[in-house]
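Fold and contact review
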Amino acid sequence: ITVFVSGATGFIALHVVHDLLKAGYKVIGSGRSQEKNDGILKKFNNNPNLSMEIVKDIAIPNAFDDVFQRRGREIKVVLHIASPVHFKTTDFEKDLLIPAVNGTKSILEAIKKYAADTVEKVVVTSSVAALANNIDIKNNNLVITEESWNKDTWESCQADAVAAYCGSKKFAEQAAWNFLKENQSSVKFTLSTINPGFVFGPQMFADSLKDGINSSSGIIAQLVRSKTGGKFYNYSGPFIDVRDVSKAHLAAFENSECAGERLLLSEDLFCSQEALDILNEEFPQLKGKITAGEPGSGPSFLEKNSCRFDNSKTKKLLGFKFHNFRDCIVDTASQMLEVQNEA
Ligand code: NDP
């Protein structure tokens, strides 16, 4: 069975590629340049079951046509993971909304045109951001479930980069469900979405920490590099370990009960203060050198600054236990410290 993974060079996707190869699947990944693709092939020791294709920019209409025209008939499963995850822009439509929405539409259009008879399962990596905007996620009167939707419009989500990122995930996910509704008779695939909270955990390859870290891992890296008494932004929300996000991508297409479902991936709520407490407790080399914040104040902060999540449906569907926050943070920071020590 051959699985297509878009954005295969990213933080989450590299774990997915690894897990797919380990499970015996053939993988076709897409990356943005020959150089990046060659790097990935080398990392996986030129595994004969892995090949890489170039998709330079998912913002461009029909971005996936070329690869699906050539290879669509090999592909049974599509995992669409590529999407911009950064906040360094003031042109929210160009840099966040349009690539997210066009990427989702163009991969589904390419399946319809070139692989309608072969692709049986599609998994789109969405986000908790599609379930609630960045303001609602802090509302302690709200309970978010697999049924929830971010209530922002295309216009209102452009208030700032974080809101626009959340909007990009909402409108991209909506585009996928709408596509399926409108094309029910011309494609045969079922659709599932993965809606993770903040994703932490070790990089598949430690080298990824050297050449520009992904956004969510950057939150932990900043704490590891903080200074005694230094200020920090207390991020809060649901978290999930990257290794569980990867496992869920496989379950989403392997387990037929996941067809048509949105999988809300959250182990628990977290805040940066709780991560600092763990770093100070678990790493003697960091204790006293990094900021302490107000140790122990995490739970009361979350009580006031976070909505609640009920993902019991997802947990039942997936049936495996997620990594807890302490293990996730210890594994994330251990890898960061190893790379720092080598430098
Ligand atoms: P990364 O930034 O590591 O991965 C994003 C991937 O998408 C990269 O491979 C990137 O390529 C590719 N990409 C971005 N923009 C374009 C574009 N215009 N054209 C082609 N490729 C593009 O982040 P993550 O691994 O964290 O994110 C993966 C997915 O998971 C995303 O859909 C994200 O929204 C979702 N997600 C992530 C969460 C998190 O906390 N990390 C939480 C919830 C959802 P390149 O690096 O070469 O630009």
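As shown above, the structure is provided for reference.
Criteria and cut-off values
- Residues numbered from 1 in each chain as written.
- Predicted model: local features only at pLDDT ≥ 70, side-chain atom pairs only at ≥ 80, totals over all residues.
- Heavy atoms only, no water.
- Helix = DSSP H or I, 4+ residues; strand = E, 2+ residues; numbered from the N terminus.
- Rg over C-alpha atoms; globule rule 2.2 N^0.38 Å.
- Buried < 20%, exposed > 50% of the residue type's maximum accessible area, 1.4 Å probe, protein only.
- Contact = heavy atoms within 4.5 Å.
- Areas by Shrake-Rupley, 256 points an atom, 1.4 Å probe, with all protein chains shown as cover.
- Lys, Arg positive; Asp, Glu negative; His and termini not counted.
- Charge placed at Lys NZ, Arg CZ, Asp CG, Glu CD.
- Pairing = 2+ DSSP bridges.
- Axes fitted to C-alpha atoms, helices over the stretch in contact; angles between N-to-C directions.
- Expected span 1.5 Å × (residues − 1).
- Near = heavy atom within 4 Å.
- Polar contact = N/O pair within 3.5 Å; in protein donor to acceptor, adjacent residues only side chain to side chain.

Quick look at the overall build of the chain now. Helices and strands together make up the secondary structure of the chain, namely eleven helices and twelve strands. The globule rule puts the C-alpha radius of gyration for 343 residues at 20 Å, and the 20 Å found for the chain is close to it. On the principal axes, the C-alpha backbone points of the chain span a range of 60 × 45 × 40 Å. When burial is assessed residue by residue, the chain has 56% of its 343 residues classed as buried. In the chain, once contacts between residues fewer than 6 apart in sequence are set aside, the share between residues at least 24 apart is 77%. For the chain, the accessible area works out to roughly 15300 Å², and carbon and sulfur atoms hold 50% of it. Each charge class in the chain was averaged separately, 39 positive and 42 negative side chains, and the resulting centres sit 2 Å apart.

Strand order in this open sheet of seven strands is 3-2-1-4-5-7-10, and the pairing throughout is parallel. In this open sheet, the two strands that pair with only one neighbour each are strand 3 (50–54) and strand 10 (262–265). Recorded for the sheet is a direction-independent mean angle of 20° between the axes of neighbouring strands. Each of strand 5 (121–125), strand 7 (190–196) and strand 10 is contacted by helix 5 (residues 161–182), which is oriented at about 165° to strand 7, the strand it contacts most. Across the sheet, helix 7 (residues 242–254) lies against strand 1 (2–6), strand 4 (75–80), strand 5, strand 7 and strand 10, angled at about 165° from strand 7, the strand it touches most.

Right, let's talk about unusual backbone geometry for a bit. The backbone of Asn46 sits at a positive phi, close to 50°, despite the residue not being glycine. Within the secondary structure layout, Asn46 lies in the loop between helix 2 (34–43) and strand 3. Even without a glycine there, the phi angle at Asn62 is positive, about 65°. Note that Asn62 resides in the loop between strand 3 and helix 3 (65–71).

What follows deals with the pairing of strand 7. Of all seven residues in strand 7, six are buried, a share of seventy percent or more. Where strand 5 and strand 7 come together, five bridges link them in parallel fashion. If you follow Val122 over to strand 7, its bridge partner there is Leu191. As paired strands, strand 7 and strand 10 are joined by four bridges and run parallel to one another.

Attention now goes to helix 1 (residues 11–22). Between its first and last C-alpha, helix 1 extends 17 Å over twelve residues, near the 16 Å set by a 1.5 Å rise per residue. Of all twelve residues that make up helix 1, nine are buried, and the element is covered over most of its length. Listed as buried for helix 1 are Phe11, Ile12, Ala13, Leu14, His15, Val16, Val17, Leu20 and Leu21. Where helix 1 terminates, the next one or two residues include Gly24, which has phi positive at roughly 95°.

As a further point, take the site of the ligand. Lining the immediate surroundings of the ligand are 26 residues, of which Phe11, Lys36, Tyr165, Lys169 and Val199 lie closest. A distance of 2.5 Å is found between an oxygen atom of the ligand and a side-chain nitrogen or oxygen belonging to Lys36. Interatomic distance of 2.9 Å between a backbone N/O atom of Ile81 and an oxygen atom of the ligand. About the coverage of the ligand: the protein hides 87% of its 880 Å² of free accessible area. Listed by contribution, the elements that provide at least two residues to the shell around the ligand are helix 1, helix 5 and strand 8 (198–200).

Looking at the element boundaries, Ser127 is found in the loop between strand 5 and strand 6 (143–144). Among the polar contacts made by the side chain of Ser127, one reaches the main-chain amide nitrogen of Ala129 at a distance of 2.9 Å. What Ser127 contacts, discounting residues up to four positions off in sequence, is Tyr165, Lys169, Ile194, Asn195 and Pro196.

Here the focus is the environment of Ala251. Its location among the elements puts Ala251 in helix 7. For the pair formed by Ala251 and Gly319, sequence separation is 68 residues and the distance between their alpha carbons is 9.7 Å. Leave out the neighbours within four places in its chain, and Ala251 touches Cys258 and Leu318.

The next thing to look at is the sheet that holds strand 9 (residues 236–241). Taken in spatial order, the three strands of this open sheet run 8-9-11, and their pairing is mixed. The two strands at the open ends of the sheet, each matched to only one other strand, are strand 8 and strand 11 (268–271). Within this sheet the neighbouring strands show an average axis-to-axis angle of 55°, counted without direction. Pairing between strand 8 and strand 9: three bridges, direction parallel.

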